[in-house]
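A closer look at the structure
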Amino acid sequence: MGNSVYSPGTLPARLTPHEYEVNFSDINPGLSLHEAMVEADRCYFCYDAPCVTACPTGIDIPLFIRQISTGTPRAAAKTIFDSNILGGMCARSCPTENLCEGACVREVAESEPVEIGRLQRFATDTLMDENIHPYKRAHETGKIIAVIGSGPAGLACSHRLAMHGHNVEIFEEKPFLGGLNQTGIATYKTVNDFAQQEVEWLLKIGGIKFQLNKTVKDLEDLHKLTQDYDAVFVGAGLGDVNRLNIGSDKFQEAVTFIEELRLASDYGNIPIGRNVVVIGGGMTAIDAGVQSKLLGSENVTIAYRRSRSEMGASEHEINLALKNGVKLLTNAVPLGMSGDGTDEKLILGRTEIIGGKIQQIEDTIELPVDQVFMAIGQKLEFGPGSLAIDAGKIVVDSHGRTSVPGIWAGGDCTNLGEDLTVTAVAQGRDAAEDIHRHLSK
Amino acid sequence: MPSLNSTFAGIKSPNPFWLASAPPTDKEYNVSRAFEAGWGGVVWKTLGLDPHIVNVNGPRYGAVWGPDRSLMGLNNIELITDRPLGVNLKEIKSVKRNYPDRAVVVSLMVPCDEASWQGILPQVEETNADGVELNFGCPHGMSERGMGSAVGQVPDYIEMVTRWVKSNTRMPVIVKLTPNITDIRYPARAAKKGGADAVSLINTVSSITSVNLDTFSPEPSIDGKGTHGGYCGPAVKPIALNMVAEIARDAETSDLPISGIGGISTWRDATEFLLLGAGNVQVCTAAMAYGFRIVSELQSGLLEWMNDKRFESVTDYRGLAVSNVTDWQNLNLNFVTKARIDQDLCIKCGRCFAVCEDTSHQAIVINSGRTFEVIDEECVACNLCVNVCPVEGCITMEQLKPGMVDKRTGQTVDENPLNWTQHPNNVLACTTD
Ligand SMILES: Cc1cc2nc3c(=O)[nH]c(=O)nc-3n(C[C@H](O)[C@H](O)[C@H](O)COP(=O)(O)OP(=O)(O)OC[C@H]3O[C@@H](n4cnc5c(N)ncnc54)[C@H](O)[C@@H]3O)c2cc1C
Ligand SMILES: Cc1cc2nc3c(=O)[nH]c(=O)nc-3n(C[C@H](O)[C@H](O)[C@H](O)COP(=O)(O)O)c2cc1C
Ligand code: SF4
Ligand code: SF4
Ligand code: SF4
């Protein structure tokens, strides 16, 4: 007999291969042609459309939907990629309910927005399935730009620079490209190795070289690696995480768990606790909680120190967790552990929010735990050196310029990052345009 | 990369998409914004002599909607421009100066005497506009004053006025035709005889869109009364396509350039006009329903299609469908098809059954489990089920190859075509042996 959901401790293979397959299949599968045509028909082709304003990359949504409805999904894809070269991943991972779809006028009219995300996926999949890369490089400029990190910010920046005829050299500390597209976005949002396929497709533009397993600790380090670049773009994301000061081997970082899951070839190999607690209230906490449940954990609780309405995760994501049987425990902070072995418990203190501040009250809860995932925020790992910093992040202006001339930055590592793939893409693209303007002078 | 460049009646424009003479083209402000959005050309809102006409001051449009309130047909009781001639001419000159690569054609409607035309034409030439379009089409208001469709419905007048215009200007002359006539070939031939460089069609179709059930007034209602207006938009496209094809395949006018107008909303509609012989197209209602930005979709769609078909320029495929438009009697009666239902796509709504059972040939059965199937013994291939099925591609027509037996007639399909002129049932048929 193998392991089951009720086997005590932290164990692999709680489910059958078929159950894993079902659990980690595409959460929001692509639209069929008929579905796409019916949905596209719903778009009103609004003037100065609110959905466009709400998209951080400003995709011309009414135009691409009209192009779908007139039978030209490839032209639609081109419209999308003109603004957002990672439109494929964004179609899968954007919290659309907070972005484009949240602003759609049909949300106002009948609480049922046009399904922009799924239409975007329909168009981009059509073009990418045909393996067409719709851009050509401008004449080579002979300039070279160093890009640190290959997440959405670094990739979007590199592609736009390459399009303008510049050469790009990416330095990436992991053994693969893609950043959190490859290691963070929940497995069921990006199935069939889409992240890597997208990277390969993006690189077809040409002019982009990369070095893997290459950590650039700080700017000084970069200087040692390459002397002759014309500009630098830092898209290093947030490589480090915040930790709790509770000494227990049951504690683990949520992002590491999620990364292992993303890179796993067999979900049955990943040990998961019968009782799991996730500490945090953002997207990462939700993803860790849901995926624990999908791996076969019996009891999963997300413990958040403030109230539900203050959680960083959107209502849609919280509902996803609840739908998957994850429990929500709000107004609770972890204090320590009690017991030992399979009898260990996590002690949490109750909180109240008084004047916006968290106050612990005289009340504790004990939850049995085999595993605790910490999802309480990430922080900068890349050494900023002389770059101006605010709240632990690199300060940039709307063009992505840092305080040091010749150095641009974008994505999660900056003060303008929003922990969203699409924002990182927008910042990478805009910095590339500014670098291009700067180098064309 | 294919090119959308277009030359029509000697007038060049960067693409074949022009805005038709109507409110979208009635002043410099609009036209400049249209050109910024990417339109290849405009036909300026029809000019008349001073004192300028006046429009009603209540609603001038009526509408017919499809599902989800999408605009299928628009009807208007607007007249020609209601601004002084001088203001329009000044603005036309300015637009042409600012956008020299775009086509600017000026639509005209003046009283039916040569002196009026002699008076206005030099003034238009002075603006450096690329050509003139003679509005013989407007079906309401102006026709009561002996202009517009009052001229367009009498081929002799068309020929006469066209000749006056040609002999008084160096500019290319496009004659705009009204569809409110029984046979469009006669006005087209008359335009050609009068020396027209091209025809454009269609103008709007006489119509009443609706009647108010509480006030008993036609819509749009002006103080409790209405009048017939001109109908346009997607609903009139089939009428326009047929008229364009009629002119394109008429021996007398087959070499006459045609500007296709009527219900063009998407690149597909436009391409259909070009395939039926139009040299370029004009758009009014779609711009009025969605704004100038639709031209992006017109351009990207046509380019993608040309790319797929490996056409380099618009002239590569102009008129390719004309020779396939023929008379009924020439259609092959040995071409036999049967409806086929794709069970994977079928959503089991039963509409195909309802229409075939009630109004066609009782050729669809409902099997147990609510599956729908075509009975080949009964199916006459009328296409009605295909047309009512809500799922595109779910019901298709499959051709019976020569040698196969048509279960309805019991006859083997002959590989040799047979049309009505050769059919044994046709008492006038001429036998070939
Ligand atoms: C678990 C999780 C789930 C998420 N889910 C979503 C979601 O569903 N939707 C959404 O919109 N957003 C989501 N996000 C947020 C989104 O992934 C990020 O906002 C986005 O990836 C930021 O892009 P970036 O390019 O700035 O950084 P990253 O994607 O983090 O990429 C940074 C890259 O730089 C490399 N790097 C770092 N330091 C160095 C160095 N010193 N030298 C060389 N290379 C270095 C890293 O290895 C990495 O490849 C999620 C985040 C997490 C953590
Ligand atoms: C409000 C309105 C005003 C119009 N005014 C004119 C006009 O002044 N002169 C003219 O030649 N056609 C006029 N038309 C007709 C259009 O130019 C065009 O021929 C017709 O609308 C069919 O095209 P569509 O289906 O794209 O709208 C008008 C149409 C509308 C809707
Ligand atoms: S807001 Fe909604 S209806 Fe309007 S253009 Fe955007 S997707 Fe279409
Ligand atoms: S469209 Fe403009 S001019 Fe016409 S009725 Fe509405 S507000 Fe008035
Ligand atoms: S109309 Fe189409 S979808 Fe409906 S039952 Fe018939 S075949 Fe099926």
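Throughout what follows, the structure given in this document is the object of discussion. Here the structure is a predicted model, which means the values were calculated and not measured.

**Observations concerning the overall build of chain B**
Each helix and strand counted, chain B has twelve helices and 22 strands in total. Against the globule reference of 22 Å for 433 residues, chain B gives a C-alpha radius of gyration of 25 Å, in line with a compact fold. Counting only C-alpha atoms and orienting by the principal axes, one finds that chain B spans roughly 75 × 60 × 50 Å. For chain B, the proportion of its 433 residues judged to be buried stands at 51%. A fraction of 69% describes how many contacts in chain B between residues 6 or more apart in sequence connect residues 24 or more apart. As presented, chain B carries roughly 20000 Å² of accessible surface, and 51% of it is formed by carbon and sulfur atoms. Separation of charge centres in chain B, based on 37 positive and 49 negative side chains, amounts to 5 Å.

**Comments concerning the environment of leucine 99 of chain A**
As for its position among the elements, leucine 99 of chain A is in the loop between α6 (87-93) and α7 (100-103). In the structure, leucine 99 of chain A is positioned 43 residues away from proline 56 of chain A in sequence and 8.1 Å away in space, judged by C-alpha atoms.

**Things to note about the site of ligand 5**
As a structural note, the neighbourhood of ligand 5 is formed by Ile341, Cys346, Ile347, Lys348, Cys349, Gly350, Cys352, Phe372, Cys389, Pro390, Cys394 and Ile395 of chain B. Along the lines of polarity and charge, the residues of the shell around ligand 5 split into ten nonpolar, one polar and one charged.

**Looking at the interface of chain B and chain A**
The interface is formed by 18 residues belonging to chain B together with 17 residues belonging to chain A. In this assembly, chain B packs against chain A so that about 1500 Å² is buried in total across both faces, 47% of it on carbon and sulfur atoms. For chain B, the biggest contributors to the area lost against chain A are Asp68, Arg293 and Glu304 of chain B; these three give 37% of the whole. Viewed at the interface, chain A and chain B are joined by five salt bridges. The shortest N-O distance in the salt bridge between aspartate 308 of chain B and arginine 74 of chain A comes to 3.0 Å. Where chain B touches chain A, the interface holds nine residue pairs in polar contact (both at pLDDT 80 or more).

**Description of the sheet that holds strand β7 (residues 103-108) of chain B**
All names here are of chain B. The strand order around the closed barrel formed by eight strands is β3-β4-β7-β8-β9-β10-β15-β16, and the pairing between neighbours is parallel. Adjacent strand axes in the sheet meet at a mean angle of 25°, parallel and antiparallel pairs treated alike. Inspection of the sheet shows strand β4 (residues 41-47) paired to β7 by five bridges, in the parallel sense. From the neighbouring strand, leucine 47 faces β7, where its bridge partner is leucine 108. Packed on one face of the sheet, helix α1 (residues 28-37) meets β3 (17-19), β4 and β7 and runs near 165° to β4. The strands that helix α2 (residues 85-98) touches are β4 and β7; relative to β4, the one it contacts most, it runs at about 170°.

**Notes on the nonpolar core**
By size, the foremost hydrophobic cluster in this structure holds 79 residues, and its most contacted members are Trp39, Trp117, Val175 and Leu201 of chain B. The greatest single-element share of this core, amounting to seven residues, is contributed by helix α7 (residues 237-248) of chain B. Apart from the residues lying within four places of it in its own chain, the contact partners of tryptophan 117 of chain B are Leu108, Val110, Pro111, Pro122, Leu134, Val161, Trp164 and Val165 of chain B. Within the second largest apolar cluster, 61 residues are counted, among which are Cys55, Cys104, Ile205 and Val422 of chain A.

**Regarding the site of ligand 2**
Residue and element names in this part refer to chain B. In the vicinity of ligand 2 there are 22 residues, among which Ser21, Thr46, Lys176, Gly263 and Thr285 approach most closely. At 2.6 Å, a backbone N or O of glycine 263 approaches an oxygen atom of ligand 2. Within the side chain of threonine 285, an N or O atom sits 2.4 Å from an oxygen atom of ligand 2. Protein chains bury 99% of the 610 Å² of accessible surface belonging to ligand 2 in isolation. Each residue belonging to the shell around ligand 2 can be placed in one class, and the counts come to nine nonpolar, ten polar and three charged.

**Notes on helix α16 (residues 315-323) of chain A**
All names here are of chain A. All buried positions along α16 are accounted for by Glu317, Ile318, Leu320 and Ala321. Projection of α16 onto a plane perpendicular to its axis shows the buried side chains occupying an angular sector of 155°, all on one side. Where the residues of α16 are buried, they touch α15 (283-294) and β11 (327-330). Among the residues trailing α16, glycine 325 stands out with phi positive, at a value near 90°.

Cut-offs applied
- Residues numbered from 1 in each chain as written.
- Chains lettered and ligands numbered in written order.
- Predicted model: local features only at pLDDT ≥ 70, side-chain atom pairs only at ≥ 80, totals over all residues.
- Heavy atoms only, no water.
- Helix = DSSP H or I, 4+ residues; strand = E, 2+ residues; numbered from the N terminus.
- Rg over C-alpha atoms; globule rule 2.2 N^0.38 Å.
- Buried < 20%, exposed > 50% of the residue type's maximum accessible area, 1.4 Å probe, protein only.
- Contact = heavy atoms within 4.5 Å.
- Areas by Shrake-Rupley, 256 points an atom, 1.4 Å probe, with all protein chains shown as cover.
- Lys, Arg positive; Asp, Glu negative; His and termini not counted.
- Charge placed at Lys NZ, Arg CZ, Asp CG, Glu CD.
- Near = heavy atom within 4 Å.
- Nonpolar A, V, L, I, M, F, W, Y, C, P; charged D, E, K, R; others polar.
- Buried area = accessible area lost by both parts, 1.4 Å probe.
- Salt bridge = Lys/Arg side-chain N within 4 Å of Asp/Glu carboxyl O.
- Polar contact = N/O pair within 3.5 Å; in protein donor to acceptor, adjacent residues only side chain to side chain.
- Pairing = 2+ DSSP bridges.
- Axes fitted to C-alpha atoms, helices over the stretch in contact; angles between N-to-C directions.
- Core = buried A, V, L, I, M, F, W, Y, C linked by side-chain atoms within 4.5 Å.
- Arc of directions from axis to C-beta.

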